[in-house]
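Geometric and topological summary
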Amino acid sequence: MEFRVMRVALDTNIFHNDRSLAGGSFEALARFAEAGHVEVLIPEVIAREFTALSSEQLEAVASYREAIKKLRNAFPNNLGPRIDTLKKNVKDLIESFESEAASMFNLWMGRVEGRVIKPGSEHAQRILAKYFEGALPFGTKKARKDFPDAFIVEVILDLAVDEKLFFVTSDSRMRNTFVHVSNITVFDSLEDLLKATEFVARQKEVELAINLPRIVQIINENKEIFGNALLEGLSNTAKYAHYKGRDEDEDLYIDVLEEIDEWSLGTDDAEYIGEGVVSISFEAIIDGSVDQPTDYGMDWFPYLSRPVVDARVDVGGVCSFIVDPLDLADPATCLEVEGGLGRVRLEVDDLHYINVISARRY
């Protein structure tokens, strides 16, 4: 059977869900692209949004800079050079973040041979008309903050004039914008995209999917092999202030996750999402340290930073076990304990909750 190449575009929020671009869904999509089944098309606005500071990060930087000004006024002049060092550290942090994000994005796009699509001059008139009308994606008339989305929409519409396009976004307004466009199929997540009939039909390692229960059992029986990878993945993911499911008023920041006491895999809800990627939920209890924990009634000293405390945390989410491409050629034996199992990669894809079980001030 001959298949047409599937054309896929991703919104900024999908990239932000996995800033490393290394999780199971991004890996599966990349492998589909490498096999020639997928063409990745990214509007330039989205590329630039991923590689630049978010509005939340810009607000944090602005607050920090304002704090530095207050420090300069509050402390003696002879401490000025040390305060200037703080200011420079923030500048270096921003430059490092944007440079690393650009490098990561370019490497992933190079791997999938994706294309960044620039907006055209003809888009301006269309966007202005929608701006004054308050038409989607504008939330209201003259909503200036929605201009980036407007450029994304015009590029996506142009890409779907003559050919079918899959667009992945978690933004409800963006989804509603395309709901009546016949050539555009919208998905809420990469996971949902990979479950689409067109993707399932192209999975080359069908035996791996059929053997999912056995594979999950082998992974579960040997999960200690992946403990360090789980801890590293959690440490990186948990430090993002706004993980999925976080309460807006929660004042918890994970400082360090040091050691896993126990963890388990939710083998009953395991899913095969294609291209050697198995998605499994997990739960873990971990020792580490947090700052600004909630619900403990501690008397914090005003005007001082809240202390770091020892903590045990209860963590739950979803991870992916990614089989090495070389092992997909022999799916019946690719997870032998002495063989391919050691080449399986674990990535933490999503955090559903982090609860402090107990905390003790240093």
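Here the structure is a predicted model, which means the values were calculated and not measured.

About the cut-offs
Residues numbered from 1 in each chain as written. Predicted model: local features only at pLDDT ≥ 70, side-chain atom pairs only at ≥ 80, totals over all residues. Heavy atoms only, no water. Helix = DSSP H or I, 4+ residues; strand = E, 2+ residues; numbered from the N terminus. Expected span 1.5 Å × (residues − 1). Buried < 20%, exposed > 50% of the residue type's maximum accessible area, 1.4 Å probe, protein only. Phe/Tyr/Trp six-rings, centres within 6.5 Å; stacked < 30°, edge-to-face > 60°. Axes fitted to C-alpha atoms, helices over the stretch in contact; angles between N-to-C directions. Parallel < 35°, antiparallel > 145°, perpendicular 65-115°, else oblique. Contact = heavy atoms within 4.5 Å. Core = buried A, V, L, I, M, F, W, Y, C linked by side-chain atoms within 4.5 Å.

**A closer look at helix α5 (residues 80-112)**
In a regular helix each residue adds 1.5 Å, so 33 residues correspond to 48 Å; α5 covers 49 Å between its end C-alpha atoms and thus fits that length. Every buried residue belonging to α5 is among Gly-80, Ile-83, Val-90, Ile-94, Ala-101, Phe-105, Trp-108, Met-109 and Val-112, and all of these are buried.

**What about the packing of aromatic side chains?**
Inspection of every chain in the model, using the stated rule, returns eleven aromatic pairs. Ring geometry for Phe-15 and Phe-26: centres 5.7 Å apart, planes at 35°, overall tilted. Of this pair, Phe-15 sits in helix α1 (residues 12-16) while Phe-26 sits in helix α2 (residues 24-34), placing them eleven residues apart in sequence. A relative accessible area of 0% means that Phe-15 is categorised as buried. Note on Phe-167 and Phe-178: the rings are 5.5 Å apart at their centroids and 80° apart in plane angle, and the pair reads as edge-to-face. Taken together, the residues Phe-167 in strand β4 (residues 165-168) and Phe-178 in the loop between α8 (172-177) and β5 (184-187) connect sequence positions eleven residues apart.

**Examining the packing of helix α3 (residues 44-51) against α5**
Across the interface, α3 lies against α5 with an axial gap of 8 Å and an inter-helix angle of 135°. For the element pair α3 / α5, the angle class is oblique. On α5, the residues that touch Ala-47, Phe-50 and Thr-51 of α3 are Glu-98, Ala-101, Ala-102 and Phe-105.

**Things to note about the nonpolar core**
A general tendency of soluble globular proteins is for nonpolar side chains to be buried together. The biggest cluster of nonpolar side chains holds 48 residues, and the ones touching the most others in it are Leu-10, Phe-15, Trp-108 and Phe-199. At six residues, α2 tops the list of elements feeding residues into this core. Here Phe-199 is in contact with Met-6, Val-8, Leu-29, Phe-32, Val-38, Leu-193 and Leu-194, once residues within four sequence places are set aside. Grouped together as the second largest cluster of nonpolar side chains are 34 residues, Leu-234, Ile-260, Leu-346 and Leu-351 included.

**With respect to the environment of Pro-43**
Counting through the fold element by element, Pro-43 comes out in strand β2 (residues 38-43). With a relative accessible area of 1%, Pro-43 lands in the buried category. Between the C-alpha atom of Pro-43 and that of Glu-154, which follows or precedes it by 111 residues, the distance is 9.4 Å. Look past the residues within four positions of Pro-43 in its chain and what remains in contact with it is Val-116, Ile-117, Ile-152, Val-155 and Ile-156.

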